[in-house]
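# Coordinate analysis (summary)
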Amino acid sequence: MGKRVGMEVAIAAVEAVALCNIDVAAVYPITPQSHIAEHMADVIHDGRIDSEFITVESEHSAISACAGASAAGARAYTATSSQGLMLMHEILPIVSAMRLPICMANANRAVSGPLNIWNDHTDIMPQRDSGWISLFTENGQEVIDLSIMSFKIAEDPEVMLPCVVNIDGFQLTHMIEPLELPSKAEVAKFLPPRKPFASLHPDDPISMGCFAMPDTYTETVMAKEAALRNSKKVITRVFGDWAKRFGRKYSVVETYKAKDADTLMLTMGSMGETAATAVDEMRKAGQKVGLVKLRLWRPFPVEELKAAIQGCKTLIVMDRALSTGGAGGPVATDVKSILYGDKKKPRVLNVIAGLGGRDLTVNDFVAMFDMAKKKKDETFEIYGVRE
Amino acid sequence: MNPVQNFEIFAPKLVDKKEYLSAGHRACQGCGEVLALRHILKALGDDIVVANATGCMEIISSGYPQSAWEVPYVHVAFENAAAVGSGVEAALKALRRKGRIADRDVKTIAVAGDGGTCDIGLQALSGAMERGHDMIFFCLDNEAYMNTGIQRSSATPFMAATTTSPAGHAIPGQRTQKKNVPEIMVAHKVPYVATACPSYPLDLINKVKKAKAVKGPAYVHVFSMCPTGWRCASEITIKMGRLAVETGIFPLYEVENGKYRLTMEVPEKLRPVKDYLAPQGRYRHLGPSDIEKIQEHVLREWEILLNKVECMQPW
């Protein structure tokens, strides 16, 4: 076990990536910003790691530069947030179709308008279908561990897909937590330098990013789909490898006091810890409640989620985003659709909360559990809207 | 097989015989742009990586599962050739330093059309040039969005008719003058900026070689005749390029560290622009007074260029 030190989570994300022998980092300080870009600059300018650092002129160019770098065989990293991620949007599905294993941190922040720099998940949800592996973190230690693992997962020859590690803006990025960083030697053993399947070099000229006519486009979509679905197996394997080497266990769906629970709450990201405290309090009061936490958002862990919620009567799905004019939050609509064909399924309620940095306290989660008890229909609720 | 007869005799040392863009691509008949690209690649040789923007040259050359490219080639999107190139250049630098690729110079090349350079790609281009990547950016300028159906760009010349600047009764074609991107590149203090045209292949090749020799950013703006979009006969492509230069509509020059130099013969009097405008359907709506307006503008721009050649000092 290494020594635990107090560190801001955004800084820790960079310190973790600095252990990963990256070759190129491209970053842009779009508002809102975390300390990731500037600390990455410190690490590289101080010569602590040997990496090229491209201070691009936009987030669109940040992901584009990473695409070029990754296509040329480099381990490429970028970090973004909110509007920056929205600006990258066009390039995200291209990167996954080109099977470029770029890794990215996203400090989850609300999307304008109105301009709001605080936490929610409205930035990552429009990227849901872009073909990226999307992982969520609950605390700083998970940010460190998953940031390192993301390279291993993305670059696996069976996967070769980009990966985004979601870190709740402010709630996580700006927190100072006691954290443990693995040693460089340990990480080097776990994650050797990238060995690309193919790369841009005159020694072996190839064409990348060719266009597809109607007779091949569907097949490329299918290939990406198969790779993304298949990545779950690799993700689980990498989690297992990590647990053996570093002692911290991860799974694609995590549970807390869920086994005998009548009512379960499903969360993603940092709200899991607060919700767990609410579960503790309600358990003390004799209520059979529990928690399910989605670590892997894409590919969606259908079987693992079904196993985790087996036997519960009510499932409250928390969403930190709303599909405006749609059926509710994006997590809930996915959960409902995977359960649709099942004979035995819980009542699924959807609560949208914590938008644009609105705080969610332990009392709020208790109130949401209570609200679920009284609710007659299954329409979604936006929690805490002021009249 | 090389299609040029007696090639072995008259130009063995001037032009690389090897083809880097295979025959069989899907360019239109008489395409000046693909000819420019062919010469550019011959001048660059093997040790390059090309980042190409979406556009004519991309779609004619890279339809899966075929590719005309004999050199490493990547296409990502429309506006980001310079950004993708930045990443390629950074990666080649890092991987070479770390001993993961061969220890020799490989030049990064970005290629885009006038849309991908002067309009949607201008931000990425400005960023890449400002950061000083070791990269040559080629703008293959056919003066409109030809790939998508001849829509106007900021590189479309004054009064030219396109599908989004049609020759209407109220508004006769393009309302604005062509954006001067080479000058914008000079303002970035790019060490080598040049204009070129495939009607002058040796001049083009020399400029490409000069650009390649620069350690850092270089920009070459290549006039790329487009019979399809300009509504002219496909067999007069080369002539159209020469007319553009001889009339002063597209002068050939280079700017080394801020010092301008004409690379064309300076005529006592430029040819009248009507010689260049007349064969093109995109100018068929022009009356004598319109042609006069264009003529005046070309002469004014020519004077400005001559002044730059005379007055601008190297940095």
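About the thresholds
Residues numbered from 1 in each chain as written. Chains lettered and ligands numbered in written order. Predicted model: local features only at pLDDT ≥ 70, side-chain atom pairs only at ≥ 80, totals over all residues. Helix = DSSP H or I, 4+ residues; strand = E, 2+ residues; numbered from the N terminus. Rg over C-alpha atoms; globule rule 2.2 N^0.38 Å. Buried ≥ 20, exposed ≤ 12 C-beta atoms within 10 Å, placed from the backbone. Contact = placed C-beta atoms within 7 Å. Nonpolar A, V, L, I, M, F, W, Y, C, P; charged D, E, K, R; others polar. Pairing = 2+ DSSP bridges. pLDDT = per-residue confidence, 0-100. Axes fitted to C-alpha atoms, helices over the stretch in contact; angles between N-to-C directions. Expected span 1.5 Å × (residues − 1). Right-handed = clockwise from strand over helix to strand, strands pointing away. Parallel < 35°, antiparallel > 145°, perpendicular 65-115°, else oblique. Left-handed = near helix turned anticlockwise from the far one by under 90°. Core = buried A, V, L, I, M, F, W, Y, C linked by C-beta atoms within 7 Å.

### Describing the overall build of chain A
Helix and strand content of chain A: twelve helices and 16 strands. A compact globule built from 387 residues should have a C-alpha radius of gyration of about 21 Å, and chain A, at 21 Å, falls within 12% of that. For chain A, the spread of C-alpha atoms along the three principal axes comes to 65 × 55 × 45 Å. In chain A, which comprises 387 residues, the proportion classed as buried is 53%. In chain A, the share of contacts with a sequence separation of at least 24, taken over all contacts with a separation of at least 6, comes to 80%.

### With respect to the interface of chain B and chain A
Every contact between the two is made by 43 residues of chain B and, on the other side, 41 residues of chain A. Looking at the side of chain B that touches chain A, the elements with two or more residues in it are β1 (48-52), β2 (73-75), α4 (81-97) and α6 (122-131) of chain B. Top contributing element to the side of chain B that touches chain A by residue count: α4 of chain B, with 13 residues. Partitioning the side of chain B that touches chain A into residue classes produces 24 nonpolar, eleven polar and eight charged. As paired elements, strand β9 (residues 207-208) of chain A and β2 of chain B share two bridges and run parallel to each other. Bridged to Met208 of chain A within β2 of chain B is Val74 of chain B.

### Here we look at the confidence of the model for chain B
This prediction gives chain B a mean pLDDT of 96; 97% of its residues lie at or above 70. Two summary scores accompany this predicted model of the complex, namely pTM at 0.97 and ipTM at 0.97.

### Digging into the sheet that holds strand β16 (residues 381-382) of chain A
All names here are of chain A. Spatial strand order, β10-β12-β11-β14-β15-β16: six strands in an open sheet with mixed pairing. With one partner strand each, in any of the chains shown, β10 (253-256) and β16 form the two edges of the open sheet. Here strand β11 (residues 263-267) runs beside strand β14 (residues 314-319); their pairing, made up of four bridges, is parallel. Bridge pairing in β14 links Leu264 to Leu315. Packed onto the sheet, helix α10 (residues 302-309) meets β10, β11, β12 (289-294) and β14 and runs at close to 10 degrees relative to β10. Each of β11, β12, β14 and β15 (347-352) touches helix α11 (residues 330-339); the most contacted strand, β14, lies at about 145 degrees to it.

### So, helix α2 (residues 32-44) of chain B
Residues and elements named next belong to chain B. For α2, with 13 residues, the first-to-last C-alpha span of 18 Å sits near the 18 Å given by 1.5 Å per residue. Most of α2 is tucked away, with 13 of its 13 residues classed as buried. At the exit of α2 stands Gly45, carrying a positive phi of roughly 80 degrees.

### Side note on the pairing of strand β8 (residues 259-262) of chain B
Taken together, the four bridges between strand β7 (residues 253-256) of chain B and β8 of chain B define a ladder with antiparallel strand orientation. Looking across to β8 of chain B, one finds that Val255 of chain B is bridged to Tyr260 of chain B.

### Description of unusual backbone geometry
Here the residue pair Arg298 of chain A and Pro299 of chain A is connected by a cis peptide bond, since its omega of -5 degrees sits within 30 degrees of zero. Residue position: Pro299 of chain A is located in the loop between β13 (296-298) and α10. Each neighbour pair has its own omega, and for Tyr64 of chain B with Pro65 of chain B the value is 5 degrees, a cis peptide bond. By secondary structure assignment, the location of Pro65 of chain B is in the loop between α3 (56-61) and β2.

### Let's talk about the pairing of strand β6 (residues 133-136) of chain A
Residues and elements named next belong to chain A. On β6, burial covers both faces: Ile133 and Leu135 on one face and Ser134 and Phe136 on the other are all buried. Bridge analysis of β6 against strand β7 (residues 163-168) gives four bridges, and the strand direction is parallel. What sits directly across from Leu135, in β7, is Val165. Remark: the β6/helix α6 (residues 140-155)/β7 crossover connection has right-handed handedness. Here β6 pairs with β13 via two bridges, running antiparallel. For Leu135, the partnering residue across the bridge sits in β13 and is Leu296.

### Topic: the sheet that holds strand β4 (residues 135-141) of chain B
The nine strands lie next to each other as β9(A)-β2(B)-β1(B)-β3(B)-β4(B)-β6(B)-β5(B)-β7(B)-β8(B), forming an open sheet whose pairing is mixed. Strands at the two margins of the open sheet, each flanked by one partner only, are β9 of chain A together with β8 of chain B. Taken together, the three bridges between β1 of chain B and β2 of chain B define a ladder with parallel strand orientation. Among the inter-strand pairings, Val50 of chain B is bridged to a residue of β2 of chain B, identified as Tyr73 of chain B.

### Digging into the packing of α2 of chain B against helix α8 (residues 201-213) of chain B
Residue and element names in this part refer to chain B. Two numbers describe how α2 lies on α8: the axes approach to 9 Å, and their chain directions differ by 45 degrees. One way to sum up the angle between α2 and α8 is to call them oblique. Here the hand of the crossing between α2 and α8 comes out right-handed. In contact with Ala36, His39, Ile40, Lys42, Ala43 and Leu44 of α2, α8 contributes Pro201, Leu204, Ile205, Val208, Lys209 and Lys212. Each residue belonging to the contact of α2 with α8 can be placed in one class, and the counts come to eight nonpolar, one polar and three charged.

### A word on the nonpolar core
Grouped together as the largest cluster of nonpolar side chains are 224 residues, with contacts concentrated most on Ala13, Val24 and Leu266 of chain A. When sequence neighbours within four positions are dropped, the list of residues in contact with Leu266 of chain A reads Val292, Leu294, Leu315, Ile316, Val317, Met318, Val331 and Val335 of chain A.

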